[in-house]
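# Structural features, examined
Residue-level listing of the chains:
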Amino acid sequence: ILVKKRIVTKYNKMKIKNYLNYMIVSIALVVIAACQKTDFSGQASASDVYSGSLAAFFADEIASMTESATMDATNGGTATLSDGTEVNIPAGSFVDANGNSISGDIDISITTISGNVDMAVTNIPSTSNGEMIISGGVVNVSANQGGTNLELSNPITVTIPNSFENNTTPGDQGAINMTANDMEFYQGVEQPDGSINWELNTSVTPVLDANTNTFSFDFSGVGFMNMDKLANDPQNCFPDLDGDPDNGFESPCRIDFSLKCPNGFSPGSMQVWIYYNNLSSLLGVPYNAQNDAFEINGILGGQTVQTVILAEKDGSFYTLDPAYWETGLLTPGPVIPNIPATLMIPVTTEEWKAMLNALP
């Protein structure tokens, strides 16, 4: 049974609903399909295919992060979530698919996803058209009336907490030159396999309020929205190849990652992510059937990451022993860990989430 959180409303006709029949969970309900090797030089899927058990878990997590209310469409109003997210909707802003104005009560659903842990438990990684991005916060806004999804004819104003992280130290090996002020606006576009691809929309400019540490933006659309920035190459990420730092023979700052599927586990019932310790970035690692490995190319090197796994087998969930999660990506070339099945330990989803919350 899903219990939804309460929205504190500023408009006196907004009231809390006790159902979630309009929840958008299609991003987590994917079909099993053939996977291709992902290379960051081209188009990439944001997440791997996975089984019904994993999909249901991700969908439940999205639902648990969702807050909802009823609003009068004619008058509009402001919804404030428990985490401080605000959505201000002007009067008469909603229309149906044919552009007809809507009156009467409408159902508003809002989800905020902040940081690497939230991205992992909902399986919404940070990639845009095959490129790694660093996130400053995700929000999903949806509305319906009588089960019919609605659209917007006017811009709404959205304010979300800033979850951008860059804990690298300028000048150190692997340092990233990026701040929250660099964030841009991305829309989430669902792909045929059910994953989300983040697409840049330069017509929307997010504004960072340093006093409240929040992003605000105006947008005439519903769906998934993200504050992001394409990841730039780290400083001094690898040692100089020949000892001369000025002649161009430095090692590349991008590396490849590959992980063999443990014996006894089905790749279609397993999800692998790369969790960056010092950056708000989480990458889903797709499965390449030809090599029987989860593979991703061209990711940022010079970083310390966690290899995070959630798998399902015989009705139970498994993860990699946390003692083996951390991996230092400090050298170029493919990283190909071969995980023995004995290192995959049974875990409940609550135990797995606690392991994630203990990460840097």
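Under the definition given, this model contains 4 salt bridges. A network of salt bridges, in which partner residues are shared, links E61, E350 and K353.

Ranked by size, the top nonpolar core spans 89 residues in total, and within it F94, F217, I274, Y276, W352 and L356 carry the most contacts. Discounting chain neighbours no more than four positions away, the residues touching I274 are F257, S281, L282, L283, V285, I296, I299, V305 and Q306.

Of all residues in the chain, 80% attain a pLDDT of 70 or more, and the chain-wide mean is 83. This model gives residues 1-50 a pLDDT under 50, and the stretch forms 165 contacts once residues within four places in sequence are excluded.

With that settled, the discussion passes to helix α1 (residues 52-64). With 13 residues, α1 should reach 18 Å at 1.5 Å per residue; the first-to-last C-alpha distance of 18 Å fits that figure. Turning to α1, its buried residues number three or more, namely L54, A55, F57, F58, A59, E61, I62 and A63.

Considering the arrangement of structural elements, one finds T214 in strand β16 (residues 214-219). By relative accessible area, which is 14% here, T214 ends up buried. A distance of 2.7 Å separates polar atoms of two side chains, one belonging to T214 and the other to T212.

Turning our attention to the packing of aromatic side chains. Summed over the entire model, instances satisfying the criterion amount to 10 aromatic pairs. On the basis of an interplanar angle of 50° and a centroid distance of 5.6 Å, the ring pair of F57 and F58 is categorised as tilted. On the basis of relative accessible area, F57 is assigned to the buried category, the value being 6%. Here F58 falls in the buried class, since its relative accessible area comes to 0%. Aromatic pair F265 and Y318: ring centres 5.3 Å apart, planes at 80°, arrangement edge-to-face.

Where burial is concerned, most of strand β12 (residues 156-161) is hidden: 5 out of the 6 residues are buried. With 3 bridges joining them, strand β5 (residues 86-89) and β12 adopt antiparallel strand pairing. The residue bridging N88 from the neighbouring strand is T157, located in β12. Where β12 meets β16, 6 bridges bridge the pair, whose relative direction is antiparallel. Across the sheet, I160 pairs through a bridge with F215, a residue of β16.

Those residues of helix α3 (residues 349-357) lying buried are T349, W352, K353 and L356. The buried residues of α3 all sit within an arc of 100° when viewed along its axis, so they share a single face.

About the criteria used
- Residues numbered from 1 in each chain as written.
- Predicted model: local features only at pLDDT ≥ 70, side-chain atom pairs only at ≥ 80, totals over all residues.
- Heavy atoms only, no water.
- Salt bridge = Lys/Arg side-chain N within 4 Å of Asp/Glu carboxyl O.
- Core = buried A, V, L, I, M, F, W, Y, C linked by side-chain atoms within 4.5 Å.
- Buried < 20%, exposed > 50% of the residue type's maximum accessible area, 1.4 Å probe, protein only.
- Contact = heavy atoms within 4.5 Å.
- pLDDT = per-residue confidence, 0-100.
- Helix = DSSP H or I, 4+ residues; strand = E, 2+ residues; numbered from the N terminus.
- Expected span 1.5 Å × (residues − 1).
- Polar contact = N/O pair within 3.5 Å; in protein donor to acceptor, adjacent residues only side chain to side chain.
- Phe/Tyr/Trp six-rings, centres within 6.5 Å; stacked < 30°, edge-to-face > 60°.
- Pairing = 2+ DSSP bridges.
- Arc of directions from axis to C-beta.

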